[in-house]
Amino acid sequence: MQKVYSDAKSALAGQVKDGMTIMCGGFGLCGIPEVLIEALKDTGAKNLTAISNNAGTDGFGLGLLLETRQIKKMISSYVGENKLFAQQYLSGELELEFNPQGTLAERIRAGGAGIPAFFTKTGVGTLIAEGKEVKTFDGEDYVMERGLVADISLVHAWKGDTEGNLIYRKTARNFNPMMATAGKLTIVEVEHLVQPGELDPDAIVTPGVFVQRIIHVPNAKKHIEQRTTRKREAA
Amino acid sequence: MAWTRDQMAARAAQELRDGFYVNLGIGIPTLVSNYIPQGMKVSLQSENGMLGMGPFPYEGDEDADLINAGKQTITELPTTSYFSSADSFAMIRGGHIDLSILGAMQVAENGDLANWMIPGKMVKGMGGAMDLVAGVKKVVVVMDHVAKAKDGMIEKKLLHRCNLPLTGARVVDMVVTDLGVFTIDKHGSGGMTLVELAPGVTLDDIKANTEASFQVALAKAA
C-alpha cells in the first residue's frame with residue numbers, strides 16, 4: 001500500500017466529512033501540522049470537533065478554521081492566545097471542553113491504546129470531576145476519564161520514511177505521537193521524507209503501523225510566539 | 001519593606017535541594033531559575049516535553065521547535081531529554097517531579113488552590129496546573145499577598161475557603177507572598193502556619209491582609 005501522497009489536498013481528498021472529530025498535534029504553534037490544517041480548511045467541512053491542546057493563534061494553526069467557523073467544538077487545555085476563539089466562545093457559537101493538559105494527553109494515549117477509560121487524581125475535588133465517577137484506590141480518590149479517538153489525526157513530524165516510521169524534533173514532539181495512535185485515519189506531514197533503512201530503527205518514536213498517509217513538506221513554515229533571547233557576553 | 005518579585009523568587013529558591021527535578025510556572029516562578037544556588041544541581045522540567053531546560057538563546061539562535069510551556073524560545077543542555085506530552089505528565093502525575101512552584105489567585109488554609117478561572121470572565125484554561133498540583137511531591141505557591149484592583153480596593157487571597165473554582169483540593173504545601181511565608185499541613189489538620197516575615201513587615205500587617213486562620217511559628221526575627 002502506497003502511503004505517500006503528493007500533497008495535503010490529495011491526502012485529505014474524500015476523507016473529511018461534516019461533524020467529524022479531528023485531532024491536531026502541536027503545543028501552541030510548535031509542532032502543528034500547518035500544511036494539513038490549511039488543507040482541512042480548504043475541504044470546507046463544517047461542525048468539526050477539534051481535539052488539540054491549544055486553538056492556534058489569530059490567523060495561524062486552528063485559528064484559520066475558527067475564522068471560517070468550521071469548528072463547532074474544541075477539546076483543549078489552554079486557549080489563551082486566540083482572541084477570535086474568545087469572541088466565538090462568549091457569543092455561544094463555539095463549544096469548549098477544557099481538559100487538564102495531562103488528562104488530555106493520557107485520554108489520547110489511552111484511546112490509541114484501546115483503553116476506554118482510566119482513573120487519575122488530577123482534578124479530584126474540582127469542576128473537572130463533576131458528574132464523573134470517583135473511586136478510592138489505596139486511600140486516595142481518583143476520577144474516571146475516558147479515552148479519546150478521532151476520525152482523523154493530523155500530525156507533524158520531523159523525519160519520516162515511506163513506511164510511516166516517524167521521528168520528531170525537540171519540543172515539537174508534544175501531542176503528536178499520541179495523536180498518531182488515536183486516529184482512525186492518521187495523516188502526517190514530514191519535513192524530511194526518506195527511504196526505508198535511512199532512519200535508525202532504535203530512534204523511531206512512532207512506528208509506521210499507526211500512520212496511513214504521509215506528505216512531504218520540505219519548507220515547513222514555523223512560527224515563534226514568544227521570542228525570548230539573552231545578550232551575548234563580551235568575549 | 002515587602003519583598004519584591006525577585007526577592008519572592010529568591011525565597012522560593014530556598015526550597016530547592018540538590019538533585020531536584022522542578023517545574024516552574026509562568027511569571028514570578030520563572031524567576032526562581034535565576035536563584036539556583038551555585039553548585040546545586042537542579043533539573044527544570046517543561047511540561048510540553050523537555051527535561052533539562054537551558055536559558056534563553058542568544059539573539060539569532062532561536063529555534064521554533066524549542067520552546068518552554070510559556071511558548072518562549074529556550075535552549076537545551078547536555079543533560080536535556082525530549083519526550084511526548086503523555087510521558088511528560090507521567091513524570092508529573094506519577095510523582096517523579098520533586099517540586100512545583102506556581103502562581104495563584106487564591107489559597108485556602110487547608111491547602112486548596114484556585115488559579116485557573118474566574119466565573120463570568122473569559123477562561124483561558126488550566127493547562128497543566130491541575131496535573132502539577134495533583135502529582136508533584138511538593139507544591140509552593142508564589143503570589144502577591146493581596147490583589148489590588150484598579151480602584152485601589154484590595155482583595156484578600158489567603159482565605160478560609162477559596163470562592164473561585166479550585167485547581168486542586170488540599171494541594172499547597174507552602175505559600176511565599178510579598179509579606180511572608182506560610183506552610184500548610186495539607187494532609188493533616190494542622191492548617192496554615194506563618195513561618196517567616198519579610199523585612200519590616202509586622203504580624204499586624206499580615207493579620208490585616210489575611211482572611212485565613214493561621215498559627216505563628218516564626219523561625220527567626222525579621
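These notes cover the structure that comes with them. (Residues numbered from 1 in each chain as written. Chains lettered and ligands numbered in written order. Predicted model: local features only at pLDDT ≥ 70, side-chain atom pairs only at ≥ 80, totals over all residues. Heavy atoms only, no water.)

1. A closer look at the overall build of chain A
Then, in step 1: Within chain A one finds 6 helices and 11 strands.
Then, in step 2: Relative to the compact-globule value of 18 Å for 235 residues, chain A shows a C-alpha radius of gyration of 18 Å, a close match.
Then, in step 3: Each principal axis of the C-alpha atoms in chain A carries an extent, and together these give about 60 × 50 × 40 Å.
Then, in step 4: Of all 235 residues assigned to chain A, the portion counted as buried reaches 54%.
Then, in step 5: Once local pairs closer than 6 in sequence are excluded, the contacts in chain A between residues at least 24 apart make up 71%.
Then, in step 6: Averaging the coordinates of the 27 positive side-chain charges in chain A and doing the same for the 28 negative ones gives two points 3 Å apart. (Helix = DSSP H or I, 4+ residues; strand = E, 2+ residues; numbered from the N terminus. Rg over C-alpha atoms; globule rule 2.2 N^0.38 Å. Buried < 20%, exposed > 50% of the residue type's maximum accessible area, 1.4 Å probe, protein only. Contact = heavy atoms within 4.5 Å. Lys, Arg positive; Asp, Glu negative; His and termini not counted. Charge placed at Lys NZ, Arg CZ, Asp CG, Glu CD.)

2. Details of the sheet that holds strand β5 (residues 117-120) of chain A
Residue and element names in this part refer to chain A.
Then, in step 1: A sheet is described by the order of its strands in space; here 3 strands give the open sequence β5-β7-β6, paired in antiparallel fashion. Strand pairing shows two members of the sheet lacking a second neighbour, β5 and β6 (134-137), which therefore form its edges. Strand-to-strand twist of the sheet, defined as the mean angle between neighbouring strand axes without regard to direction, takes the value 40°.
Then, in step 2: Examined bridge by bridge, β6 and strand β7 (residues 140-146) share 4 bridges and lie antiparallel to one another. Following the sheet pairing, Val 134 is matched in β7 by Val 143. (Pairing = 2+ DSSP bridges. Axes fitted to C-alpha atoms, helices over the stretch in contact; angles between N-to-C directions.)

3. Things to note about the nonpolar core
Then, in step 1: Membership of the largest hydrophobic core comes to 50 residues, with the highest contact counts inside it found for Val 107, Leu 113, Val 141 and Val 175 of chain B.
Then, in step 2: Listed in part, the 41 residues of the second largest apolar core include Met 20, Ile 22 and Leu 48 of chain A together with Met 117 of chain B. (Core = buried A, V, L, I, M, F, W, Y, C linked by side-chain atoms within 4.5 Å.)

4. Considerations on the interface of chain B and chain A
Then, in step 1: Facing the 48 residues of chain B at the interface are 53 residues of chain A.
Then, in step 2: Together chain B and chain A conceal approximately 4300 Å² of surface at their shared face, both sides included; 60% is due to carbon and sulfur atoms.
Then, in step 3: For the interface between chain B and chain A, the tally reads 7 salt bridges.
Then, in step 4: One salt bridge in this structure joins Asp 65 of chain B and Arg 169 of chain A, with 2.7 Å as the shortest N-O distance.
Then, in step 5: Our count for the chain B to chain A interface comes out at 26 residue pairs in polar contact (both at pLDDT 80 or more). (Buried area = accessible area lost by both parts, 1.4 Å probe. Salt bridge = Lys/Arg side-chain N within 4 Å of Asp/Glu carboxyl O. Polar contact = N/O pair within 3.5 Å; in protein donor to acceptor, adjacent residues only side chain to side chain.)

5. Let's talk about the sheet that holds strand β6 (residues 106-108) of chain B
Hydrogen bonding along the main chain pairs the strands of a sheet, whether they run parallel or antiparallel.
Residue and element names in this part refer to chain B.
Then, in step 1: Strand order in the open sheet formed by 3 strands is β7-β6-β11, and the pairing between neighbours is mixed. Bordering the open sheet on either side are β7 (113-114) and β11 (158-159), each of which pairs with just one other strand.
Then, in step 2: Bridge count between β6 and β11: 2 bridges; the pairing is parallel. If you follow Val 107 over to β11, its bridge partner there is Leu 158.

6. Points about the packing of aromatic side chains
The way to describe two aromatic rings as a pair is by their centre distance and the angle between their planes.
Then, in step 1: Under the criterion given, the structure shown has 4 aromatic pairs over all chains.
Then, in step 2: On the numbers, 6.1 Å between centres and 90° between planes, the contact of Phe 98 of chain A with Trp 116 of chain B is edge-to-face. Here Trp 116 of chain B lies in the loop between β7 and α4 (129-135) and Phe 98 of chain A lies in strand β4 (residues 95-98), a pairing that spans two chains.
Then, in step 3: Residue Trp 116 of chain B is classed as buried on the basis of its relative accessible area, which comes to 8%.
Then, in step 4: On the numbers, 5.3 Å between centres and 65° between planes, the contact of Phe 119 of chain A with Phe 137 of chain A is edge-to-face. Separated by 18 residues along the polypeptide, Phe 119 of chain A in strand β5 and Phe 137 of chain A in strand β6 bring together distant segments of the chain.
Then, in step 5: Note on Phe 119 of chain A: relative accessible area 28%, which makes it partly exposed.
Then, in step 6: For Phe 137 of chain A, a relative accessible area of 33% puts it in the partly exposed group.
Then, in step 7: Ring pairs connect the aromatic residues Phe 119, Phe 137 and Tyr 142 of chain A, which therefore count as one cluster.
Then, in step 8: It is Arg 230 of chain A that lies over the ring of Tyr 58 of chain B; its NZ or CZ is 4.0 Å from the centre. (Phe/Tyr/Trp six-rings, centres within 6.5 Å; stacked < 30°, edge-to-face > 60°. Lys NZ or Arg CZ within 6 Å of the ring centre and 35° of its normal.)

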